Amino acid sequence: MTAYRLVVISAGLSKPSSTRLLADRLTDATVRRLARDGREADVTVVELRDLATDIAHNFVTGFPGGALREAIDAVTRADGLITVTPIFAASYSGLFKSFFDVLDPDVLTGKPVLIAATGGTPRHSLALEHAVRPLFSYLRSVVVPTSVYAATDDWGSTGDRLTDGLPGRIERAAGELAGLLAGRAPSGPAADGGSEEEEETVVPFAEQLAALRV
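Report follows, based on the coordinates. (Residues numbered from 1 in each chain as written. Predicted model: local features only at pLDDT ≥ 70, side-chain atom pairs only at ≥ 80, totals over all residues. Heavy atoms only, no water.)

For the rest of this paragraph, the subject is the overall build of the chain. Along its length, the chain carries seven helices and seven strands. Along the chain, from the amino end to the carboxyl end, the secondary structure elements read β-α-β-α-α-β-β-α-β-α-β-β-α-α. By residue count, 46% of the 214 residues in the chain fall in the buried class. Within the chain, counting contacts between residues at least 6 apart in sequence, those at least 24 apart form 79% of the total. Total accessible area on the chain is roughly 10800 Å²; 52% of this is exposed by carbon and sulfur atoms. (Helix = DSSP H or I, 4+ residues; strand = E, 2+ residues; numbered from the N terminus. Buried < 20%, exposed > 50% of the residue type's maximum accessible area, 1.4 Å probe, protein only. Contact = heavy atoms within 4.5 Å. Areas by Shrake-Rupley, 256 points an atom, 1.4 Å probe, with all protein chains shown as cover.)

Here's what the structure looks like:
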């Protein structure tokens, strides 16, 4: 069985970071959901804090360093992405945006993407909808309906009658991403250097949306 290639982008700056913690929980939930449906996932985690210097050099020279090139190649080959950014001044971090600025504009076309963010206060939660989601819509990604925001108080909260707790939101978003991945054929040998003339299997968008209802 060919595994789905899942790339996780974490833009946390500290170590350890709540951003990476949220990324790991979303990844675990997605892998479990895929396994429940008899599917496998090959996970690659990209820590942007380790690529900050390479990203800056790329803007100046136009050429990515070795580590940045590996990250770009991983995203290019990915079947789906989980992206998590800290929120600063009501928007994504500069490091997060800079990484996606160095990608080819067509790399994320049609790829399922789960968006998530962390912050110190619940008041920044809408940054996912007014900043992060439009970014990936511009890049023509297929963004899952549920975005996951984790403020400091969310880690110990069970939610209320209107809003699920953080574990519930993680599970729902992971299920949506797994549903979208199920509507795609996993990347084959061509992604590892096979013939570039092999055509990629394209699943109509309506079928991808229908997979979310499973």
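So, next bit.
Look at helix 5 (residues 127–138): 16 Å from first C-alpha to last across 12 residues, which is about the 16 Å you get at 1.5 Å a residue. Here helix 5 has its buried residues at Ala-127, Leu-128, Ala-131, Val-132, Arg-133, Leu-135 and Phe-136. Looking at the buried side of helix 5, the elements it contacts are strand 3 (80–88), strand 4 (91–92), helix 4 (94–101), strand 5 (112–119), strand 6 (142–143) and strand 7 (148–151). Once helix 5 finishes, Arg-140 follows within two positions and takes phi at roughly 65 degrees, a positive value. (Expected span 1.5 Å × (residues − 1).)

Remark: helix 2 (residues 52–61) packs on helix 4, axes separated minimally by 10 Å, with the N-to-C direction vectors making an angle of 50 degrees. By the criterion of interaxial angle, the relationship of helix 2 to helix 4 is oblique. Seen along the crossing, helix 2 lies across helix 4 with a hand that is left-handed. On the side of helix 2, the interface is formed by Ala-52, Ile-55 and Phe-59, while helix 4 contributes Leu-95, Ser-98, Phe-99 and Asp-101. Taken together, the residues of the contact of helix 2 with helix 4 break down into five nonpolar, one polar and one charged. (Axes fitted to C-alpha atoms, helices over the stretch in contact; angles between N-to-C directions. Parallel < 35°, antiparallel > 145°, perpendicular 65-115°, else oblique. Left-handed = near helix turned anticlockwise from the far one by under 90°. Nonpolar A, V, L, I, M, F, W, Y, C, P; charged D, E, K, R; others polar.)

This next bit is on the nonpolar core. Formed by 35 residues in total, the largest nonpolar core has its most connected members in Ile-9, Leu-48, Val-75, Leu-81, Phe-99, Phe-100 and Phe-136. Elements with a minimum of two residues in this core: strand 1 (4–10), helix 3 (66–77), strand 3, helix 4, strand 5, helix 5 and strand 7. Dropping the residues within four chain positions of it, Val-75 is found in contact with Val-7, Ile-9, Leu-81, Phe-99, Leu-103, Val-107, Leu-108 and Lys-111. If you look at the next biggest cluster of nonpolar residues, it comprises 24 residues, including Leu-26, Leu-166, Ala-173 and Ala-174. (Core = buried A, V, L, I, M, F, W, Y, C linked by side-chain atoms within 4.5 Å.)

Moving on: the side chain of Thr-30. Counting through the fold element by element, Thr-30 comes out in helix 1 (residues 18–36). Looking at Thr-30, the relative accessible area reads 0%, which means it is buried. Not counting residues up to four positions away in its chain, the partners in contact with Thr-30 are Leu-6, Ile-82, Ala-174 and Leu-177.

What follows is about the side chain of Lys-111. Residue position: Lys-111 is located in the loop between helix 4 and strand 5. Lys-111 gets classed as buried once you look at its relative accessible area, which sits at 6%.

A few words now on the packing of aromatic side chains. Summed over the entire model, instances satisfying the criterion amount to five aromatic pairs. Seen from their ring centres, Tyr-92 and Phe-96 are 6.3 Å apart, and the 35 degrees between their planes marks the pair as tilted. With a centroid separation of 5.0 Å and an interplanar angle of 85 degrees, the aromatic rings of Phe-100 and Phe-136 are classed as edge-to-face. Here Phe-136 lies in helix 5 and Phe-100 lies in helix 4, a separation of 36 residues in the sequence. (Phe/Tyr/Trp six-rings, centres within 6.5 Å; stacked < 30°, edge-to-face > 60°.)

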